[in-house]
Amino acid sequence: MSMSMYQASVPILSRALENLIGILEKGKAHAAAKGVDEANYVTMRLIPDMLPLSAQVRIATDIAKRGISRLAGVEPPVHPDDEADFDQLIARCRSVIDYVNGFTPEQIDGDNRSECTEHEHFGVGEVDQAQDAVDQRVAERNQCIDSAKRQTIKEVQPELPNY
């Protein structure tokens, strides 16, 4: 049995965004229960080099709306990237879910689509630059880890005298 592109995209994207809404609702409830300003959660990062939660949600919704738009051969809607609380992030997710669910199988699976290639959106130089930046961050992280290991070894293992 084969699966159509519609079946492989629309239900998957919708379910993923519904799950994201569930997570955001739990975050909102937690902030309310603890008496913490939601803005603290929305701007929070799990680790220093990670984007804040609001940016993560924007990226997830942008991937969904741009991907499905590309499959259908239409321009995606534009959302302002100014969400500052859970309600606005949830509204953005719901808006994209409605957009994604608005497509029919004929729009996604139709023969009027041209072949998509990686180079239509990203130039080869952009991909190479991004990879170089990732490689540099990994190297910097590994240097920090190595340095911390050496420092720990020095603290745990005293210097041996020279004979």
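Owing to the predicted nature of the structure, the values given are computational and were not obtained by experimental measurement.

1. Some remarks on the overall build of the chain
Item 1. Helices and strands together make up the secondary structure of the chain, namely seven helices and zero strands.
Item 2. Secondary structure elements of the chain occur, N-terminal to C-terminal, as α-α-α-α-α-α-α.
Item 3. Looking at the 163 residues of the chain, the share that counts as buried comes to 24%.
Item 4. Restricting the contact set of the chain to residue pairs at least 6 apart, pairs at least 24 apart contribute 71%.
Item 5. Carbon and sulfur atoms provide 56% of the accessible area of the chain, an area that totals close to 11700 Å².

2. So, the nonpolar core
Item 1. Ranked by internal contacts, the top residues of the largest apolar core, which has 23 residues, are Leu24, Ile68 and Ile108.
Item 2. Going through the elements one at a time, helix H1 (5-34), helix H2 (38-42), helix H3 (53-72) and helix H4 (86-101) are the ones with two or more residues in this core.

3. Things to note about the packing of aromatic side chains
Item 1. Enumeration according to the criterion identifies two aromatic pairs in this entry.
Item 2. Judged by centre distance (6.3 Å) and plane angle (80°), the rings of Tyr41 and Phe86 are edge-to-face. With Tyr41 in helix H2 and Phe86 in helix H4, this pair connects stretches of sequence that are 45 residues apart. As far as the burial class goes, Tyr41 and Phe86 line up, both buried.
Item 3. Between Tyr99 and Phe103, the aromatic rings sit 5.1 Å apart at their centres with planes inclined by 85°, giving edge-to-face as the arrangement.
Item 4. Overall, Phe103 belongs to the buried group, its relative accessible area being 7%.

Rules of the game
- Residues numbered from 1 in each chain as written.
- Predicted model: local features only at pLDDT ≥ 70, side-chain atom pairs only at ≥ 80, totals over all residues.
- Heavy atoms only, no water.
- Helix = DSSP H or I, 4+ residues; strand = E, 2+ residues; numbered from the N terminus.
- Buried < 20%, exposed > 50% of the residue type's maximum accessible area, 1.4 Å probe, protein only.
- Contact = heavy atoms within 4.5 Å.
- Areas by Shrake-Rupley, 256 points an atom, 1.4 Å probe, with all protein chains shown as cover.
- Core = buried A, V, L, I, M, F, W, Y, C linked by side-chain atoms within 4.5 Å.
- Phe/Tyr/Trp six-rings, centres within 6.5 Å; stacked < 30°, edge-to-face > 60°.

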